[in-house]
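Residue-level structure breakdown
The residues making up each chain are set out below.
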Amino acid sequence: MVVKVGAAGLCHSDLHLINGDWQKSLPLNLPKTPGHEIAGWVEETGTLVPKSIKKGDLVAVFGGWGCGFCFYCKRGDEQMCQAAKWPGLSEYDGGFSEYLLVPSYRFLIKVDEQTTFLKPEELAPLTDAGLTPYRAIKKVRHILGPNRNVAIIGIGGLGFYATQYARILGSGATVVALDRSDDKLEMAKEVGGADFSLNLTELEVRNKIHKITNGEGIDVVVDTVGLESTINLAADILNKNGAIVVVGLFGKEIRTPLFQTVIQEYQIYGSLWGNYNELREVIELAKRGKIKHQIHKFPISRVNEAIDLLRAGNIEGRAVIIP
Ligand code: FEH
Ligand code: ZN
Ligand code: ZN
């Protein structure tokens, strides 16, 4: 399949690749076109493609390109396939380009343009920034409820959606946004629906969270950063039997305080991207107007400027590249 790219989101993982941070964990043969959050229109179909997908259809590209027959693929988690290929993160080129080669129609989700207001620039970030926290929060839904508190660490591309899913999936849980930028915290409250926010540069964060939650503490932390300092913070503010879901990949390793982890029975989850059906669910939510978008469009001629802004922490929401 060939997709005419309408928009491609810029992810922190792209920065890691550009910096060469992941040469060992994710070796790539350069040159490579980055971009793994992609939406656009079908340009060409291949053989054995169902008649329901045709040239001109608006599609979101699911990025976990699995083999289709291993245990993880059959279970529906193609993003976890042993042989997964990810556009822009493997031997396949990504979406910062006018056209994208997609190895199968199985990786496309058709969005009926007649019945939706969603545009490629809104759909593209949903395929990663809007998908990863959805899967993450689904993992800990059983811990959430009206008398529970959930904290989102990092209000970047993922964290902005995470605050929304904490509300949508949290069964009334109180949502606390944590970041070092007042502007991003404001956005988390005003647009993302967080109940409270706290700047991590303030002193006595633990005590302040205690106050915000009326002494209840935090039951779930979604860490969209993934640094030793953020994991330590999570362990510090978490209640007994609390859960940390790590989706951020900023650091190299995480160490959790052994005593608290055992005695307090913490649960630590990693969560990778999302699967095809989870992306369908996310798109359904968006089609019903239940997801807010915070997008900054950059023509592809300004992609380097977008990269510099993201690197400096100066993108609120998601930067989206338009070819
Ligand atoms: C990073 C590394 C490997 C696979 C996928 C990713 C993501 O950026 C998904 O957000
Ligand atoms: Zn990503
Ligand atoms: Zn597989």
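All values reported here derive from a predicted model rather than from experimental measurement.

Another point: the packing of aromatic side chains. If you walk through the whole model with that rule in mind, you get seven aromatic pairs. Through pairs of rings, three or more aromatic residues link up here, namely Trp65, Tyr92 and Phe107.

Quick look at the coordination of the zinc ion (ligand 3) now. Only Cys67 (SG), Cys70 (SG), Cys73 (SG) and Cys81 (SG) from the protein coordinate the zinc ion (ligand 3), and they sit 2.3 to 2.4 Å from it. Around the zinc ion (ligand 3) sit four donor atoms; with metal-centred angles ranging over 103 to 115°, the donor geometry is tetrahedral. Written as a sequence motif, the donor residues of the zinc ion (ligand 3) are C-x2-C-x2-C-x7-C. Placement of the pair is Cys67 in the loop between strand 3 (58-61) and helix 2 (71-75) and Cys81 in the loop between helix 2 and strand 4 (99-101), with a sequence separation of 14 residues. Taking relative accessible area as the criterion, Cys67 reaches 29% and is therefore assigned partly exposed.

Protein-derived coordination of the zinc ion (ligand 2) comes from Cys11 (SG), His36 (NE2) and Asp128 (OD), at a distance range of 1.9 to 2.3 Å. Here the donor residues of the zinc ion (ligand 2) are spaced in sequence according to C-x24-H-x91-D. Of this pair, Cys11 sits in the loop between strand 1 (2-9) and helix 1 (12-19) while His36 sits in the loop between helix 1 and strand 2 (37-44), and the two are 25 residues apart along the sequence. Taking the relative accessible area as the measure of exposure, Cys11 reaches 6% and is therefore buried. Residue His36 is classed as buried on the basis of its relative accessible area of 2%.

This part covers a nonpolar patch on the surface. On the surface, Leu258, Phe259, Val262 and Ile263 cluster together to form a nonpolar patch covering roughly 480 Å² of accessible area. Residue classification places Leu258 among the exposed positions, given a relative accessible area of 65%.

Packing of helix 1 against helix 11 (residues 303-311) brings their axes to within 10 Å, and their N-to-C directions diverge by 100°. Regarding the angle of helix 1 to helix 11, the classification is roughly perpendicular. Across from His12, Leu15, Ile18 and Asn19 in helix 1, the residues of helix 11 making contact are Ile307, Leu310 and Arg311. By residue class, the composition of the contact of helix 1 with helix 11 is four nonpolar, two polar and one charged.

Let's shift gears to the nonpolar core. Residues Val102 and Tyr165 are the most contacted members of the largest nonpolar core, which totals 84 residues. A total of seven residues in this core trace back to one element, the largest contributor, which is helix 5 (residues 157-169). Setting aside its immediate chain neighbours within four residues, Val102 contacts Met1, Val3, Val61, Trp65, Phe107 and Leu108. Of all hydrophobic cores here, the second largest spans 21 residues; its members include Ala151, Ile218, Ile244 and Tyr266.

Moving on: the site of ligand 1. The environment of ligand 1 is formed by Cys11, Ser13, Trp22, His36, Trp86, Leu89, Asp128, Thr132, Leu249 and Trp273. Measuring from an oxygen atom of ligand 1, one finds a side-chain N or O atom of Ser13 at 2.5 Å. In the model, an oxygen atom of ligand 1 is placed 2.6 Å from a nitrogen or oxygen of the Asp128 side chain. Notes on ligand 1: free accessible area 280 Å², of which the protein chains cover 90%. Class assignment of the residues belonging to the shell around ligand 1 gives a composition of six nonpolar, three polar and one charged.

Glancing now at the side chain of Asp223. If you trace the backbone, Asp223 turns up in strand 9 (residues 218-223). We note that Asp223 is buried and unpaired, the nearest opposite charge coming from Arg180 at a distance of 12 Å. At 2.9 Å, the side chain of Asp223 and the backbone nitrogen of Gly226 are in polar contact. Apart from the residues lying within four places of it in its own chain, the contact partners of Asp223 are Ile153, Thr230, Ile231, Val245, Val246, Val247 and Gly248.

To continue, consider the sheet that holds strand 11 (residues 267-270). The parallel open sheet is built from six strands, whose spatial order is 8-7-6-9-10-11. A single partner strand is all that each edge strand has here, and the edge strands are strand 8 (196-199) and strand 11. If you compare each strand with its neighbour and ignore which way they point, the axes differ by 20° on average. The sheet contact formed by strand 6 (residues 149-153) and strand 9 spans four bridges and is parallel. When the sheet's bridge partners are listed, Ile153 is paired in strand 9 with Asp223. The strands touched by helix 5 are strand 6 and strand 7 (174-179); relative to strand 6, the strand with the most contacts, the crossing angle is about 170°. Of the strands in this sheet, strand 6, strand 7, strand 9 and strand 10 (238-246) are in contact with helix 8 (residues 228-237), which crosses strand 10 at around 155°.

Reading guide: rules and limits
Every chain is numbered independently, its residues counted from 1 as its sequence is written. Throughout, the order in which chains and ligands are written sets their labels, letters from A for the former and numbers from 1 for the latter. Restriction of local features to residues with pLDDT of at least 70 applies here, the model being predicted, together with a cutoff of 80 or more for giving and counting side-chain atom pairs; totals for whole chains, interfaces and linings are based on all residues. Computation of side-chain values: all heavy atoms of the structure, hydrogens and water removed. Classification of ring pairs rests on two measures: the distance between centres of Phe, Tyr or Trp rings, Trp counted by its six-membered ring, which must be within 6.5 Å, and the angle between planes, read as stacked under 30 degrees, edge-to-face over 60 and tilted in between. Because water is not among the atoms used, a metal site may look incomplete, as its donors are only the N, O and S atoms within 2.8 Å, or 3.2 Å for Na, K and Ca. Just to be clear on the cut-offs, tetrahedral is four donors with all angles between 85 and 135 degrees, square planar is four donors and octahedral six with opposite donors over 155 degrees apart and all others between 65 and 115, and anything else goes down as irregular. A run of H or I in DSSP becomes a helix once it reaches four residues, and a run of E becomes a strand once it reaches two; helices and strands are each numbered from the N terminus. Accessible area is worked out with a 1.4 Å probe on protein chains only. A residue is then buried under 20% of its type maximum, exposed over 50%, and partly exposed in between. Residues forming no salt bridge and having over 30% relative accessible area are the ones grouped into patches, like charges within 9 Å of each other and nonpolar side chains (Val, Leu, Ile, Met, Phe, Trp, Tyr) within 5 Å. Only the protein chains shown count as covering a residue, and every accessible area follows the Shrake-Rupley method with a 1.4 Å probe. Just to be clear on terms, a salt bridge is a Lys or Arg side-chain nitrogen sitting within 4 Å of an Asp or Glu carboxyl oxygen. Note on method: axes are straight lines fitted to C-alpha atoms, helices fitted across the in-contact stretch only, with angles between N-to-C directions ranging 0 to 180 degrees. To sort the angles, those under 35 degrees are grouped as roughly parallel, those over 145 as roughly antiparallel, those from 65 to 115 as roughly perpendicular, and the leftovers as oblique. Contacts between residues were defined by any pair of non-hydrogen atoms, one from each residue, lying within 4.5 Å. Throughout this entry, Asp, Glu, Lys and Arg are counted as charged residues, while Ala, Val, Leu, Ile, Met, Phe, Trp, Tyr, Cys and Pro are counted as nonpolar. The remaining residues, Gly among them, count as polar. Only buried residues count toward a nonpolar core, which is a set of Ala, Val, Leu, Ile, Met, Phe, Trp, Tyr and Cys residues joined through side-chain atoms within 4.5 Å. In these notes, residues near a molecule or strand are those with any non-hydrogen atom within 4 Å of it. Polar contact criterion, stated in full: a pair of N or O atoms within 3.5 Å, where within protein one must be able to donate a hydrogen and the other to accept it, and residues adjacent in sequence count only if both atoms are side-chain atoms. Neither His nor the chain ends is counted toward charge; the positive residues are Lys and Arg and the negative residues Asp and Glu. The criterion for strand pairing is that DSSP finds at least two bridges linking the strands in question.

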